[in-house]
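What the coordinates show
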Amino acid sequence: MTKTKIWLSSPHMGGNEQRYVKEAFDTNWVAPLGPNVTGFEQDLERFLGDDVQVAALSSGTGAIHLGLVLLGVQSGDEVICQSFTFSASANPIVYLGATPVFIDSETDTWNMCPVALEAAIKDRMAKGKKPKAIIAVHLYGMPFQVDAIKAVANRYEIPVLEDSAEALGSRYKGKMCGTFGAISVLSFNGNKIITTSGGGALVTHSKVIKEKAVFLATQARDQAPHYQHSEIGYNYRLSNISAGIGRGQMEVLQDHVNLRRAMHNFYQHFFASVEAAVVFSEPNADYYSNHWLSCITLASEKTSKTSEALRLAFESENIETRPLWKPMHLQPVFASCPYYGENTAEALFNKGLCLPSGSNLTDSDRNRIGDVLYQFFK
Ligand SMILES: *Cc1c(COP(=O)(O)O)cnc(C)c1O
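In the nomenclature of an unreviewed UniProt entry, the chain is known as Aminotransferase class I/II-fold pyridoxal phosphate-dependent enzyme of Flavobacterium sedimenticola. Listed under Sequence similarities (unreviewed entry) in UniProt, the entry text for the chain is "Belongs to the DegT/DnrJ/EryC1 family."

Quick look at the structure:
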C-alpha cells in the first residue's frame, strides 16, 4: 500500500472560507468585484500596516506585470531582477518587451547582492541605458537586505519593485515585508502561505497608484457611458469568490506563520547533530522569516551525500521535496540576458533542497519525515 503523499506546501483552510464564499453566492456577488474583494483588501492593509493601499488581483504574476507598467517600463527598457527566484519574477519584464538584467545573490539571505546590484547599474549606465526598475525578492520568506538594496536604488534613483510573493508575514527590522517597495507584490497561489486558490495583490503607499492599478486591471475604461479606452487595459482583478477564500485565510495567517516557523525549528533541531547540513535561517535579529519553505544545504567538502540523493530518498517514501530555484541566468529562455555576479546562486542551486514545510503537517507526517532524515544521515 502506498503511503499518503506529504506535500512540500499545500493549501490549508482555516474554516471560515466557505462562509465568505457562501455569502458571495447568497448575495449574487459572483464577479471580479464585491464585498469580499473590498474586505480582503482591508484585511491585508490592516495586517501589513504602514498605511498601505492594497489592490487585490488575479495573480502575483499579474501584479508584477501591472507594477512594471505603473513604474513606466516600456519596450526596449532594461529591468534589473534577482536571478535566484521563480520565473514569475522575471517573465513580466519580457511581456513588456523589456530586457531582464539578472543579479547574483549574497550568502546571508540568498537574495539580491547589493554589491553586484551597484556594479550592474554602473555598467548598464556606462553602456548607455539606465535600468528602469529593480525587482528584489524575499525568497523562501527570507527578507532581502532591505536597507542595503534601497540605499543603492536611492543613490541611482531607480524604483524597487518588491516581490513579496513568498514573504507575507515576514518582517525586516520589525516592519512587514510587502511595505518596502515603490510597489510591492503578494501572491495567493495554492502553494503560498495563504491561498485564494489563485490570486495576488499589488501594494502601494499611494491611493492614486492603487486607483490606477484597479483602473488598468479592469480594462482601463475611461469615464463615459459607452466603452471608451485611452490606454491598454488588462483583466487582472481578483474574483469576489476567491477573495472570500482570502478573507477566511486572513483569520489564520499568523497561525500559519507560527506553524511554518515551527517546521523550521523541527528541522533545526534535527540538523543540529548533522555537521554537513545547514538549515537556512535568519542571519540576525533584524530578520524575521515566515519560513514559507524550510531549506537546507549540504556541504560537499563534509559529506558525499547529495541533495539529489536525499530528494530521491524522500520520493521513495511518497514525500515531496524540491531543489532550490534554478537561477534565471541559467535558464535556457533567459540565456541571452545580461548577468552580474559570481556563482553564489548557482552554488546554492547545486547543494540545496526545500523540505516539506506546510502549516498543515501532522505529528505523524513529522515522524515519517524524521525517519527518512535519520536513515539518510545515520
Ligand atoms: C509565486 C510567486 C510569484 C507569482 O505569483 P502567482 O500568484 O503564482 O502568479 C512571483 N514571484 C515569486 C517569488 C513567487 O514565489
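1. Here we look at the site of the ligand
The local shell around the ligand holds 16 residues, among which G60, T61, E166, S187 and K192 are the closest. In the environment of the ligand, an oxygen atom lies 2.7 Å from a nitrogen or oxygen atom belonging to the backbone of G60. Within the contact set of the ligand, an oxygen atom lies 2.5 Å away from a side-chain nitrogen or oxygen of T61. Calculation on the ligand without its partners gives an accessible area of 380 Å², and the protein chains cover 95% of this total. When residues in the shell around the ligand are grouped by element, the largest group, three residues, is from helix α3 (residues 60-70). Here the shell around the ligand is built from residues that sort into five nonpolar, eight polar and three charged.

2. Some thoughts on the environment of M142
Examined against the element boundaries, M142 turns out to sit in the loop between β4 (133-137) and α6 (146-155). When its relative accessible area of 0% is taken as the criterion, M142 is described as buried. As a C-alpha pair, M142 and A167 span 25 residues in sequence and 6.9 Å in three-dimensional space. Residues in contact with M142, not counting those within four places in the same chain, are T109, N111, F280, S281, E282, P283, Y287, S289 and H291.

3. A few points about the packing of aromatic side chains
Under the counting rule described, the total for this entry stands at 15 aromatic pairs. Each ring, one from F102 and one from F334, has its centre 5.2 Å from the other, and the planes form 65°; the classification is edge-to-face. Of this pair, F102 sits in strand β3 (residues 99-103) while F334 sits in the loop between β13 (322-323) and β14 (339-340), and the two are 232 residues apart along the sequence. The exposure class of F102 is buried, given its relative accessible area of 0%. Relative to Y287, the ring of Y172 lies with its centre 5.3 Å away and its plane at 70°, an arrangement referred to as edge-to-face. Of the two residues, Y172 sits in strand β6 (residues 171-172) while Y287 sits in strand β11 (residues 287-288), which places them 115 residues apart along the sequence. Of the two residues examined, Y172 and Y287, each falls in the buried class. Joined through ring pairs, the aromatic side chains of F84, F86, W110, Y140, F280 and W325 make up one cluster.

4. Focus: the side chain of T109
Inspection of the secondary structure assignment puts T109 in the loop between β3 and α5 (114-126). In this structure the side chain of T109 is engaged in a polar contact, spanning 2.5 Å, whose partner is the side chain of E106. A distance of 3.1 Å separates the side chain of T109 from the backbone nitrogen of N111, its partner in a polar contact. Those residues within four positions of T109 in sequence are excluded, and the remaining contacts are M142, P143, F144, Q145, F280, P283 and Y287.

What counts as what
Residues numbered from 1 in each chain as written. Predicted model: local features only at pLDDT ≥ 70, side-chain atom pairs only at ≥ 80, totals over all residues. Heavy atoms only, no water. UniProt positions renumbered as here; feature names shortened; annotations may be inferred. Near = heavy atom within 4 Å. Polar contact = N/O pair within 3.5 Å; in protein donor to acceptor, adjacent residues only side chain to side chain. Areas by Shrake-Rupley, 256 points an atom, 1.4 Å probe, with all protein chains shown as cover. Helix = DSSP H or I, 4+ residues; strand = E, 2+ residues; numbered from the N terminus. Nonpolar A, V, L, I, M, F, W, Y, C, P; charged D, E, K, R; others polar. Buried < 20%, exposed > 50% of the residue type's maximum accessible area, 1.4 Å probe, protein only. Contact = heavy atoms within 4.5 Å. Phe/Tyr/Trp six-rings, centres within 6.5 Å; stacked < 30°, edge-to-face > 60°.

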